[in-house]
Amino acid sequence: MQDKLTGTVMKLGKNIDTDQIYPGRFLELTDAEDIRRHVLAGVSEDYAGKIRKGDILVAGTNFGCGSSREHAATALRFSGFAAIIAESFARIFYRNAINLGLPLIICPGISGKVQEGEVITVEIRTGKITAADGREIARAEPLSDYMLNILEHGGIKPLLAAEMEQKAH
């Protein structure tokens, strides 16, 4: 996991639910590329085609509300987003995404502080968010050491595998 992520902002509003993130009609897909092509299709059918590897998704409150299906977090993980910054996340969605190794950053008020297309940098460990010119935009809530450990390993499964391997020796 990189400590600093720099990317172009793509913005969404508040209350983006899991069916907007990854509509149920695509649940039978299993190939990562097929899944990626349909991320955020509930917002706009062509949204996935606009995402560039390393972009940072910024949203309002209650991102990931709705069902507890892991598919929404999986689709975002495959999408190319470097991180998602939102004012708040639905609890189950938040843990699903972190467990899959996708950095989620909670930053109240962020949607009013950045613009679509703006380049920002987020420091994962400190929560500092800066503009391309180095100006500090906001301070997000820092992730716990446990969450950072999950992200550093690429998700909960790789973390558990590493811990089991370490105990075996």
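Residues numbered from 1 in each chain as written. Predicted model: local features only at pLDDT ≥ 70, side-chain atom pairs only at ≥ 80, totals over all residues. Heavy atoms only, no water.

Draft legend 1. Spotlight on the overall build of the protein. Along the protein, the regular secondary structure elements total 6 helices and 7 strands. Listed N to C, the secondary structure of the protein is β-α-α-β-α-β-α-β-β-β-β-α-α in terms of helices and strands. Computed over its C-alpha atoms, the radius of gyration of the protein comes to 16 Å, within 12% of the 15 Å expected for a compact globule of 169 residues. Here the protein holds 169 residues, and 46% of them are scored as buried. For the protein, the exposed surface amounts to about 8300 Å²; the carbon and sulfur share of it is 50%. (Helix = DSSP H or I, 4+ residues; strand = E, 2+ residues; numbered from the N terminus. Rg over C-alpha atoms; globule rule 2.2 N^0.38 Å. Buried < 20%, exposed > 50% of the residue type's maximum accessible area, 1.4 Å probe, protein only. Areas by Shrake-Rupley, 256 points an atom, 1.4 Å probe, with all protein chains shown as cover.)

Draft legend 2. Looking closely at the pattern of salt bridges. What the rule picks out here adds up to 11 salt bridges. Measuring nitrogen to oxygen at the nearest pair gives 3.7 Å for the salt bridge that ties aspartate 133 to arginine 135. Since its relative accessible area comes to 45%, arginine 135 is described here as partly exposed. Through salt bridges that share partners, Glu33, Asp34, Arg36 and Arg37 make up one connected network. (Salt bridge = Lys/Arg side-chain N within 4 Å of Asp/Glu carboxyl O.)

Draft legend 3. Main features of the packing of helix α4 (residues 91–99) against helix α5 (residues 145–152). Where α4 meets α5, the axes come as close as 9 Å, and the angle between the chain directions of the two elements is 45°. Considering their axes alone, α4 and α5 lie oblique with respect to each other. Residues Tyr94, Arg95, Ile98 and Asn99 of α4 pack against Tyr146, Met147, Ile150 and Leu151 of α5. Residue composition of the contact of α4 with α5, grouped by class: 6 nonpolar, 1 polar and 1 charged. (Axes fitted to C-alpha atoms, helices over the stretch in contact; angles between N-to-C directions. Parallel < 35°, antiparallel > 145°, perpendicular 65-115°, else oblique. Contact = heavy atoms within 4.5 Å. Nonpolar A, V, L, I, M, F, W, Y, C, P; charged D, E, K, R; others polar.)

Draft legend 4. Layout of the sheet that holds strand β6 (residues 128–131). Strand order in the open sheet made by the 7 strands is β4-β3-β2-β1-β5-β6-β7, with mixed pairing throughout. Taken across any chain shown, the strands that pair with only one partner, and hence form the sheet edges, are β4 (104–106) and β7 (136–139). Within the sheet, the average angular offset between the axes of one strand and its neighbour, ignoring direction, is 30°. Pairing between strand β1 (residues 4–11) and strand β2 (residues 56–59): 3 bridges, direction parallel. Paired with valine 9 across the strands is isoleucine 56, a residue of β2. (Pairing = 2+ DSSP bridges.)

Draft legend 5. Molecular detail of the nonpolar core. In this structure, Leu57, Phe63, Leu76, Ile85 and Phe93 are the most contacted members of the largest nonpolar core, which totals 58 residues. Sequence-distant contacts of isoleucine 85, defined by excluding residues within four places in its chain, comprise Ile56, Leu57, Val58, Ala59, Ile105, Cys107, Ile110, Ile120, Val122 and Ile129. (Core = buried A, V, L, I, M, F, W, Y, C linked by side-chain atoms within 4.5 Å.)

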